[in-house]
Amino acid sequence: MKLFLIVSCLFGTIYAQHAGTNTPESAPQISIEKCSSGGSCQQESSLITLDSNWRWTHHVDDYVNCYTGNEWDQQFCPDVATCTAQCALDGVDQATWSGTYGIQVSGSELSLKFVTNGPFSKNVGSRVYLLESETKYKMFSLLNQEFTFDVDSSQLDCGLNGALYFVEMEQDGGLSKYPTNEAGAKFGTGYCDAQCPHDMKWINGEANVQDWVPSDNDENAGFGHFGSCCMEMDLWEANSKSQAYTAHACDVNEPTRCEGQDCGDNDSGDRYNGVCDKDGCDFASYRMGDTSFFGEGSSFKVDSSKPVTVVTQFITDNGSDNGDLVEIRRKYVQNGQVIENSKVNFDGVSDYDSITDDFCTDIKDLFGDVNDHQKKGGLKTMGEALKRGMVLVMSLWDDHEAFMLWLDSNYPEDGSGPGVERGPCPTSSGRPEDVESNQPEATVKFSNIRYGDIDSTY
Ligand SMILES: *[C@@H]1O[C@H](CO)[C@@H](O)[C@H](O)[C@H]1NC(C)=O
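Residues numbered from 1 in each chain as written. Predicted model: local features only at pLDDT ≥ 70, side-chain atom pairs only at ≥ 80, totals over all residues. Heavy atoms only, no water.

Draft legend 1. Looking closely at the overall build of the protein chain. The number of helices and strands found in the protein chain is eight helices and 31 strands. On C-alpha atoms alone, the protein chain measures out to a radius of gyration of 21 Å, which is about the 23 Å that the 2.2 N^0.38 rule sets for 458 residues. The dimensions of the protein chain, computed from C-alpha atoms along their principal axes, are 65 × 50 × 45 Å. When each of the 458 residues of the protein chain is scored for burial, the buried share is 58%. Of the contacts formed within the protein chain by residues at least 6 apart in sequence, a portion of 71% connects residues at least 24 apart. When the accessible surface of the protein chain is totalled, it reaches about 18,100 Å², and 44% of it is carbon and sulfur. Taken together, the 32 basic and 73 acidic charged side chains of the protein chain have centroids lying 4 Å from each other. (Helix = DSSP H or I, 4+ residues; strand = E, 2+ residues; numbered from the N terminus. Rg over C-alpha atoms; globule rule 2.2 N^0.38 Å. Buried < 20%, exposed > 50% of the residue type's maximum accessible area, 1.4 Å probe, protein only. Contact = heavy atoms within 4.5 Å. Areas by Shrake-Rupley, 256 points an atom, 1.4 Å probe, with all protein chains shown as cover. Lys, Arg positive; Asp, Glu negative; His and termini not counted. Charge placed at Lys NZ, Arg CZ, Asp CG, Glu CD.)

Draft legend 2. Looking closely at the site of the ligand. Around the ligand, the neighbouring residues are N318, S320, N322 and G323. In this structure, N318 approaches the ligand through a side-chain N or O atom, which is 2.3 Å from an oxygen atom. Here the ligand has 360 Å² of accessible area as a free molecule, and 37% of this is covered by the chains. For the shell around the ligand, a count of residues per class yields no nonpolar, four polar and no charged. (Near = heavy atom within 4 Å. Polar contact = N/O pair within 3.5 Å; in protein donor to acceptor, adjacent residues only side chain to side chain. Nonpolar A, V, L, I, M, F, W, Y, C, P; charged D, E, K, R; others polar.)

Draft legend 3. Here's a closer look at the pairing of strand β1 (residues 29-36). Sheet topology note: the β1/strand β2 (residues 40-50) ladder contains eight bridges and is antiparallel. Pairing of K34 across the sheet is with Q42, part of β2. Connecting β1 to the antiparallel partner β2 that follows it, the hairpin turn spans three residues, and G38 within it adopts a positive phi of roughly 105 degrees. As judged from the three bridges shared by β1 and strand β31 (residues 443-453), these two strands associate in the parallel manner. Within the sheet, the bridge partner assigned to E33 lies in β31 and is R450. (Pairing = 2+ DSSP bridges.)

Draft legend 4. Structural detail: the confidence of the model for the protein chain. Per-residue confidence for the protein chain gives a mean pLDDT of 94; residues scoring 70 or more make up 95%. In the model, residues 1-23 has pLDDT below 50 throughout and makes 51 contacts with residues more than four positions away in sequence or in other chains. (pLDDT = per-residue confidence, 0-100.)

Right, here's the structure in full:
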């Protein structure tokens, strides 16, 4: 309590979710480009906002925490209604972006640093969204379009994931749909993804305080009764060792609060009974059998020790914005050279170099994976979300559940056969306590975001 009184004096930016009169939130500007065929690009100015989970949650009329570490305050949050009425989200001012959260924006570049020891707290990782205005997320409609960015993953070792992806959030973060949400996109509300995360402190404008269980291995996180589901298109999940891009379709076509079986929780054995395809259909070069495609040094086709341009194309069946999504293509550009994607390298499976429904079926068949992708409607369904519009997410995180082994090591740890090996990291790597103590300075940089007609951005 005293700590936050001091913080408030220092930064002077304290206000309530309910007040809405001050505007101390200082959203950093980032420039992106929209391109059209022929290759002409126009600058667009956008803003960055921080997800609500990272923000200070305090009593509405006071500087006292509603949530500390991984627990809700029992006095302010004895139940959902009381908690929702009494608690507020806070703004992030200029100094706090980097001083507390390790986030820096300059020109067209965003950089996320992993651990920041601020004056009063230790911050681990972050998740930010692109805004088109102070109160609205930018909606990207990428069907029959491409999306390109530069990324520097060179400082991310085993266990870290510097991610760029899209989720189908509400444009205003749920502000107009849920009367108790007075914060909205400006404060990074409304997050959802295909894992239907239970760790959201707020869903549908309500505190997720019911049945809240603090995590037993994450001092900042816990799990509430409800989860928050929606479709997700991962363009980039990577460190310097391994990378993947993945489509996650869902049976729901808007952000959806789940409970029980619909959340598809692993613990209850419901992974494939939920509304979203949690596995997704992933194209990961190493996992697909090309272990010399991506990695550190010039012996790899894509050298992760240097920045690389990543191009993703959403191809429709008839080359129109109204067609069905049939293929998600990938290209890289490095040292001025366009590098075509790696190919699947297993006997008995075609040498696919992109995500198509046939690729998903054949590779899951070979790997012995459940084809939840098909069950959730496959690429056509993913394409409908891309057409409606999705919100851009950039994050840096470590993995308290599976230690990122699914990205950069063997997973399942004791598995064997094709599909198990996903990267060169040891199965003992990725433990959050190790990652956080050994790689606190690890930073991912995303820059030169551009989007538009196919083949116009690189
Ligand atoms: C593409 O397919 C969609 C959906 O079937 C249809 O509405 C649209 O008219 C087609 N466009 C062209 C150029 O054929």
